[in-house]
Amino acid sequence: MSQAFFDDVDVSGFPDDVLTDHQKYEHPLVARYATKEMSAIFSPAMKFTTWRKLWLALAAAEKDLGLDISEEQLQQMKDNLYNIDFAKAEEFESKFRHDVMGHVHAFGDVAEKAMPIIHLGATSCYVGDNTDIIQIKEALKLVQSKLVQTLGILKQFAEKHKDVPTLGFTHYQPAQLTTVGKRCTLWMQDLLMDYERVTYELENLPMRGVKGTTGTQATFLELFNGDHDKVKELNVKVCSLMGFNKWVSVSGQTYSRKIDYHVLSVLSGIAQSAYKMCGDIRLLANLKEVEEPFAKNQIGSSAMAYKRNPMRSERVCSLARYVMSLPPSAANTHANQWFERTLDDSAIRRIILPEGFLAVDVILNLLVNIADGMVLWPNVVDKHVREELPFMATEVILMECK
């Protein structure tokens, strides 16, 4: 009966005309986990409005240095920074088979008098690479602020429990006593090291700047009749207008992809710290010494209602494992850039840079939530201490026998 009843059920898919609004893959980092703030940094709105700001900065700096660009042209560009017709840009991209030129023409459609000077002298990497750096900078700033928040909450937990004795563990075997607060400072120390690395990257992150097609600035030298000083000043002006006081000293067509590796290594470091902290919490939860926040209507297990699984810590470890896998991809991408540039860097960077930041954003939010609501069961902690006290006395005896 059951087989016959089930014969007309397609177990391998669904009809094309059902659930039409839900037939596209949704990335869980965006749809399920990430915050609005981090998602916005890597959104099309951020990317393509930044392209337009870069074109405006370039044109304004070129005008300052003597090129024939009018105030009206600049004003039209400024007035239309956020007036993006994405459908029109896609039409142009399909026609030209080039994403940057698609957006140049879409911008020119709404800033018609500025069309001749949009992207003047630049290559695609002028907008592409510089926008990547700007997004990385803004994302690092958000990560930095969340690290501060996490450390602040962990500090409160450490101070509250600094005098609560607990078993130390080496090899996951009972060792000498430490305190609950002291153990928390181990987690904090790792995150503080990550904060220092993030701060270093923020203070030293360079803009690509105005470099030309192979890093020689040849097109800009032609625009300025070979005046090297003006071309150098153009680079300084553009970087300054975009909020940077550092720029890469030399480049090929792109900034060195080693920068991506350094950034992802910092994110990997945060993931490592989070994994260690949440791994400890998972083990302590098994000992019933600590417990994650547990919502009123939360279900620990669909089959075992008594369970209080440390699911937040498990999610942190899951995401952290992914982030820790990303630096080798960046390393291979940098190592395989031939001469001034190859395009095999493009597709993978579109994935690993945003996803690295989106995942770390989720991880830090979870750490804040875990630390803010973590429950300590002191009677259980004390019970475990007392069970091991006779064995811990052996160290004192050995010291006395010296």
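What you see is a predicted model, and the numbers here were worked out from it, not measured in a lab.

1. A short note on the nonpolar core
Link 1 in the chain: Residues Trp-55 and Phe-357 are the most contacted members of the largest nonpolar core, which totals 103 residues.
Link 2 in the chain: Looking at which element gives the most residues to this core, the answer is helix 8 (residues 124–160), with 15 residues.
Link 3 in the chain: In contact with Phe-357, other than residues within four places in its own chain, are Met-38, Phe-42, Ile-136, Ala-139, Leu-140, Val-143, Val-263 and Leu-267.

2. Here's the deal with the packing of aromatic side chains
Link 1 in the chain: For the coordinates displayed, the defined rule picks out seven aromatic pairs.
Link 2 in the chain: With centroids separated by 6.1 Å and ring planes inclined at 5°, the aromatic side chains of Phe-92 and Phe-96 adopt a geometry described as stacked. Of this pair, Phe-92 and Phe-96 both sit in helix 6 (residues 86–96), separated by four residues, roughly a single helical turn.
Link 3 in the chain: For Phe-92, a relative accessible area of 14% gives the class buried.

3. Comments concerning the packing of helix 8 against helix 12 (residues 258–286)
Packed helices, taken two at a time, are described by their axes: the angle between them and the distance between them.
Link 1 in the chain: Between helix 8 and helix 12, the least distance of the axes is 12 Å, while the angle of their chain directions is 20°. Classified by the angle their axes make, helix 8 and helix 12 are roughly parallel. In the packing of helix 8 onto helix 12, the handedness of the crossing is left-handed. Across the interface between the two elements, Ile-133, Ile-136, Val-143, Leu-147 and Leu-154 from helix 8 touch Ile-259, Asp-260, Val-263, Ile-270 and Met-277 from helix 12.
Link 2 in the chain: In the contact of helix 8 with helix 12, the residues fall into nine nonpolar, no polar and one charged.

4. Some details on the pairing of strand 1 (residues 165–170)
Working note: regular strand, side chains alternate between the two faces of the sheet.
Link 1 in the chain: Here strand 1 pairs with strand 2 (residues 173–179) via five bridges, running antiparallel. Of the residues in strand 2, the one forming a bridge with Thr-170 is Gln-173.

5. Here we look at the pattern of salt bridges
Link 1 in the chain: Applying the stated criterion across every chain, the model contains 15 salt bridges.
Link 2 in the chain: In this structure, Lys-141 and Glu-138 form a salt bridge, with 3.3 Å as the shortest nitrogen-oxygen distance. Here the residue Lys-141 and the residue Glu-138 both occupy positions in helix 8, the gap between them amounting to three residues, near one helical turn.
Link 3 in the chain: The partner of Asp-361 in a salt bridge is Lys-146, with the nearest N and O atoms 2.4 Å apart. Here the residue Asp-361 occupies a position in helix 15 (residues 346–373), and Lys-146 occupies one in helix 8, the gap between them amounting to 215 residues. Pair check on accessibility: Asp-361 and Lys-146 agree, each one buried.
Link 4 in the chain: Three or more residues joined by partner-sharing salt bridges are found here, namely Asp-129, Arg-257, Arg-341 and Asp-345.

6. Focus: a nonpolar patch on the surface
Link 1 in the chain: On the surface, a cluster of nonpolar side chains totalling about 440 Å² of accessible area is made up of Phe-5, Phe-6, Val-9 and Val-11.
Link 2 in the chain: Positionally, Val-11 belongs in the loop between helix 1 (2–6) and helix 2 (28–33).
Link 3 in the chain: Residue Val-11 is classed as exposed on the basis of its relative accessible area of 69%.

7. Considerations on unusual backbone geometry
Link 1 in the chain: Non-glycine residue Arg-97 carries a positive phi angle of around 55°.
Link 2 in the chain: Exposure remark for Arg-97: the relative accessible area of 73% places this residue in the exposed category.
Link 3 in the chain: Although it is not a glycine, Tyr-172 adopts a positive phi angle of roughly 55°.
Link 4 in the chain: Turning to its location among the elements, Tyr-172 is positioned in the loop between strand 1 and strand 2.

8. Structural notes on empty space enclosed by the protein
Link 1 in the chain: Going through the model one piece at a time under the given rule, you end up with two cavities of 30 Å³ or more.
Link 2 in the chain: For the largest cavity, the calculated volume is near 80 Å³.
Link 3 in the chain: Phe-157, Thr-166, Val-180, Arg-183, Cys-184, Trp-187, Leu-284, Glu-289, Val-290 and Leu-376 together form the lining of the largest cavity.
Link 4 in the chain: Take the lining of the largest cavity: its biggest share by element is four residues, from helix 9 (residues 180–204).
Link 5 in the chain: Along the lines of polarity and charge, the residues of the lining of the largest cavity split into seven nonpolar, one polar and two charged.
Link 6 in the chain: The computed volume of the second largest cavity comes to approximately 40 Å³.
Link 7 in the chain: Every residue lining the second largest cavity is listed: Asp-260, Ser-329, Ala-330, Thr-333, Arg-349, Ile-352 and Leu-353.
Link 8 in the chain: Where the lining of the second largest cavity is concerned, the elements lending two or more residues are helix 14 (327–335) and helix 15.
Link 9 in the chain: Grouping the amino acids of the lining of the second largest cavity by side-chain chemistry returns three nonpolar, two polar and two charged.

Definitions and cut-offs
Residues numbered from 1 in each chain as written. Predicted model: local features only at pLDDT ≥ 70, side-chain atom pairs only at ≥ 80, totals over all residues. Heavy atoms only, no water. Core = buried A, V, L, I, M, F, W, Y, C linked by side-chain atoms within 4.5 Å. Buried < 20%, exposed > 50% of the residue type's maximum accessible area, 1.4 Å probe, protein only. Helix = DSSP H or I, 4+ residues; strand = E, 2+ residues; numbered from the N terminus. Contact = heavy atoms within 4.5 Å. Phe/Tyr/Trp six-rings, centres within 6.5 Å; stacked < 30°, edge-to-face > 60°. Axes fitted to C-alpha atoms, helices over the stretch in contact; angles between N-to-C directions. Parallel < 35°, antiparallel > 145°, perpendicular 65-115°, else oblique. Left-handed = near helix turned anticlockwise from the far one by under 90°. Nonpolar A, V, L, I, M, F, W, Y, C, P; charged D, E, K, R; others polar. Pairing = 2+ DSSP bridges. Salt bridge = Lys/Arg side-chain N within 4 Å of Asp/Glu carboxyl O. Patch = residues over 30% accessible without salt bridge, like charges linked within 9 Å, V, L, I, M, F, W, Y side chains within 5 Å. Areas by Shrake-Rupley, 256 points an atom, 1.4 Å probe, with all protein chains shown as cover. 1 Å grid on protein atoms, 1.4 Å probe; cavity = no way out; pocket = protein on both sides within 12 Å on 5 of 7 lines; lining within 4 Å. Points joined across faces, edges and corners; volume = space filled by probe spheres on them.

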